[in-house]
Each structure stands twice: as C-alpha cells, then as structure tokens.
Amino acid sequence: MPTENPSIEAWLRDFSAVVRDRDFAAGRSFFADDAVAFGTFARAVTGLEHIEREQWRQVWPRIRGFRFDADPVARVAGDSAWIAATWASEATAPDGRAFERTGRATFVLGRRGGRWVCLHSHLSLLPSQSEAAHGRAAG
C-alpha cells in the first residue's frame, strides 16, 4: 500500500482485518464517537453506535474476505488525513450463488489522543454492480 505514511497504511490494513473478523468492538476503536458514514446499506448515519447498528451489522456478517486493493491514495496534513481506496469482498446471493462485491471507499481521519480515528467514511459499491445482484430490490 504505497501511501507514503506507515500509520495510514496500518490504519487501513488493520481496519480491513477487523471487518474480515467481524470484530465490531475492535472496529469501534478505529472511529470517532461522532463519526458520520455513508455506506452500501445505510444511506447516511451519524454517531458510532448508529454506524455499527445500521451499516456494519447489516453487512459484515454477510461478507467474507474483505480487503482493500493494493494502491490506495492517501494524504496527510498535520492532524488530518484522507484515504481513497477500492475494495472487494465475497458474498452469497439469495439464490445461493457466490459473487464478488467490489466498491470504493473514502475515509477522513483525524488524530485524536495521538492516533488516527475516522471522522467520516463513505463505502459504496461500484456503479456496475446492480442492486438486484446483491439481493436488494431496486428503489
């Protein structure tokens, strides 16, 4: 992950591991309590409790093998940073067939208590993946 910042690389690597492990408690440690998120399931949620309940708990148990692609872009300016990355995971459609979910993510990080925490996240599926392919009705 050539972001030129080892702490940002570690944040992204470690966060993807907690998603794979479905470790909600560990996932919370990567986010600020007042974070705002846009997701593949929840349209927009504010606050870590809501992010976990309305996005993470709706998605993480349904996927496996979550990973960020090898070439994220990240920038750091003082105590602020952002990351733009693509990601992939596997899931099972309602008809039982396995498929790959692919998407993109943006994270806005702030340094709090000497470590990076996410203030805003936006994870979305690639436009090429239709709602129907993921077992959700369009509309």
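Residues numbered from 1 in each chain as written. Predicted model: local features only at pLDDT ≥ 70, side-chain atom pairs only at ≥ 80, totals over all residues. Heavy atoms only, no water.

Quick word on the packing of aromatic side chains
Counted by the stated rule, this structure contains 15 aromatic pairs. When the centroid spacing of 5.0 Å and the interplanar angle of 65 degrees are considered together, the rings of W11 and F107 count as edge-to-face. With W11 in helix α1 (residues 6–21) and F107 in strand β6 (residues 98–112), this pair connects stretches of sequence that are 96 residues apart. Under the relative-accessibility criterion, F107 is labelled buried at 0%. (Phe/Tyr/Trp six-rings, centres within 6.5 Å; stacked < 30°, edge-to-face > 60°. Helix = DSSP H or I, 4+ residues; strand = E, 2+ residues; numbered from the N terminus. Buried < 20%, exposed > 50% of the residue type's maximum accessible area, 1.4 Å probe, protein only.)

Brief notes about the pairing of strand β4 (residues 73–77)
Successive residues of a regular strand alternate their side chains across the two faces of the sheet. Direction of pairing for β4 relative to strand β5 (residues 80–92): antiparallel, over a ladder of 5 bridges. Note on β5: the bridge partner recorded for A74 is I83. Taking the residues between adjacent antiparallel strands as the criterion, β4 and β5 are bridged by 2 residues, where G78 takes a positive phi near 65 degrees. (Pairing = 2+ DSSP bridges.)

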